[in-house]
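Each chain, written out:
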Amino acid sequence: MGQMGWLPRVQRWVWALAAVAAVCCLGTILVFAPGFLSPDSLEQLRQAEGRTPLTDWHPPVLSLVWRALIAVTGTFASMAVLQSVVFWGALWVLAWCVWELTGSRGGSLAVLGIGPMPFVLNFVGVVWKDVHTAFALLAACAVAFLGLRLRDTDPRPAVRWGLLALGVLFLAYAMLVRKNAFFAAIPVFIMLVLALWRAPGRRTWVTSTAALVAAIVVPAVAISLFARPIGTKQGAQIMLDDLVHVLTVDELRSADVSPGLRNRLVASARECERVGALSDAYWACYQRPADGLRGDSGEITSLWLHEMGGHVPGYLQYRLRLFATLLFETDYAYKAGITRNDLGIEVAHPRLEDMLGTYVGGMVTDARWLFRGWFWLAVALVLAVRPGRSMFAMPVRALGVSSAAYILGYLPIMPATDFRYVYWPAIACSLGVVLLWLGRGRPAPPPKAPGATADRAVTAHQPADAGGQSPTR
């Protein structure tokens, strides 16, 4: 009788967490409806709807997923809905696992409380590859926590491998939608494997790694063969930034390239200096030909390889200056509504959008440090170096390493200084701080005896009630 009274109490709290997450998800969908769209988002929407050809300037996988959603639901707004569902669903799974592992209602609510934070909520409904990357990584973390919760209860091998497959799919999508997510995904992948197997052997590591590689390569090859996105040579955009900001106008004027490109480089350097554009020269300063970078990319790459070796100090100074700007003058903390467009798309609820803008804008003014790259890099390094010794030490360290690697990985390739480049670290570090706080005074449990059963494991980790005591039975 007492046991029957205890089980509903645990289940009621899990469902209460689900209800809170569902309400937050619904509110997010309404505020962002039909999804906030920047020029990049609108271009991907045009590709998803077949209005313009599919290209690889933006990740084709995102446009193809959007196309599939539109085909199934009949509306482009389904993408923003999917983002909200994945985000709040992942937070709910994490909160559920924290509740099961610690018995802390406050801790489980704190996990859900990450969602409404202004530096997290600001982009939840913005259709950006950066947001997709962050949410896919968060979902992989949620899968890892499911594994952590089940690890000592001797789940069947099929359950372990099924969870691994699910986590690998999320990680692969994160890297397909943003190539430099590799730096952030690898620590999460290691966390996933260690969460499923306390001491994985060589065969487990090899099989898991092969699964991750296959999950990346197979879709990439399929997209290339069947969707055939137009190559845009976007990588030359970074080299263009380096050339026009590192080389002098006189050096560009004597560059060994075609006259047309030489004139464009000289004009771009002068225009960037005039308008004070430190980065993003392709959009801010470059006289773009009709074919974009496709015609210029070969010469730009060749010139970059030839010149940067003789301008190492200037190159390092430019990249460090740009990186310092990302850290200390982080820009674009909020994407307001929908960019004016020729598709007739407008924000569905302008007053709700105004309310969100006031909330985020006010916090940007009052707590600017929350929207600065240096703050999240500092938190990430602390989590990576001092994760504590609790049951959450491994996830905390993984989240810290993932965040720090993601930020530092932008040093040689950063095209701009937007806060969205720090969006995943902001989410991951917030989760890491919550786990670090919850782990205080909770040492990691010793390994279970080989004969331990699932029932014993559950009994040993009964959640505490609101007063912090084990419920009576």
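Residues numbered from 1 in each chain as written. Predicted model: local features only at pLDDT ≥ 70, side-chain atom pairs only at ≥ 80, totals over all residues. Heavy atoms only, no water.

(A) View of the packing of helix 11 (residues 236–246) against helix 15 (residues 297–307). Between helix 11 and helix 15, whose axes approach to 9 Å, the crossing angle comes to 50 degrees. The orientation of helix 11 with respect to helix 15, classified from their angle, is oblique. Where helix 11 crosses over helix 15, the two elements pack in a sense that is left-handed. Note on element contacts: helix 15 touches helix 11 through S297, I300, T301, L303 and W304, opposite A236, M239, L240, D242 and L243. (Axes fitted to C-alpha atoms, helices over the stretch in contact; angles between N-to-C directions. Helix = DSSP H or I, 4+ residues; strand = E, 2+ residues; numbered from the N terminus. Parallel < 35°, antiparallel > 145°, perpendicular 65-115°, else oblique. Left-handed = near helix turned anticlockwise from the far one by under 90°. Contact = heavy atoms within 4.5 Å.)

(B) View of the nonpolar core. Counting 152 residues, the largest nonpolar core has W66, W376, Y423 and W424 as the members making the most contacts within it. Not counting the four nearest positions on each side in its chain, W424 is found in contact with A134, L137, L138, C141, A184, V188, L399, S402, S403 and Y406. (Core = buried A, V, L, I, M, F, W, Y, C linked by side-chain atoms within 4.5 Å. Buried < 20%, exposed > 50% of the residue type's maximum accessible area, 1.4 Å probe, protein only.)

(C) Geometry of the domain arrangement of the protein chain. Splitting the protein chain by domain gives domain 1 (9–230 + 345–369), domain 2 (234–320) and domain 3 (372–444). Put simply, the middle of domain 2 and the middle of domain 3, counted by C-alpha atoms, are 34 Å apart. The interface of domain 2 with domain 3 comprises 7 residues on the first partner and 6 residues on the second. Of the roughly 550 Å² buried between domain 2 and domain 3, counting both surfaces, carbon and sulfur atoms make up 52%. Three residues stand out in domain 2 for area buried against domain 3, namely I238, S279 and R319, and they jointly supply 67% of the buried area on that side. Viewed at the interface, domain 3 and domain 2 are joined by 3 residue pairs in polar contact (both at pLDDT 80 or more). Secondary-structure elements contributing two or more residues to the side of domain 2 that touches domain 3 are helix 11 and helix 16 (312–328). In terms of residue count, the dominant contributor to the side of domain 2 that touches domain 3 is helix 16 (3 residues). In the side of domain 2 that touches domain 3, the residues fall into 3 nonpolar, 1 polar and 3 charged. (Domains from an automatic or database assignment. Buried area = accessible area lost by both parts, 1.4 Å probe. Polar contact = N/O pair within 3.5 Å; in protein donor to acceptor, adjacent residues only side chain to side chain. Nonpolar A, V, L, I, M, F, W, Y, C, P; charged D, E, K, R; others polar.)

(D) Just the state of the cysteines, in detail. As enumerated under the stated definition, the model contains 1 disulfide in all. Here C272 connects covalently by a disulfide to C285, the sulfurs 2.1 Å from one another. Disulfide C272-C285: torsion about the S-S bond near 115 degrees, hence right-handed. Taken as a pair, C272 in helix 13 (residues 259–275) and C285 in the loop between helix 14 (281–284) and helix 15 lie far apart in primary sequence, 13 residues in all. Neither C272 nor C285 differs from the other in exposure class; each is buried. Just so you know, C97 is unpaired, no disulfide at all, and the nearest cysteine sulfur is the one on C141, 12 Å from it. (Disulfide = S-S within 2.5 Å.)

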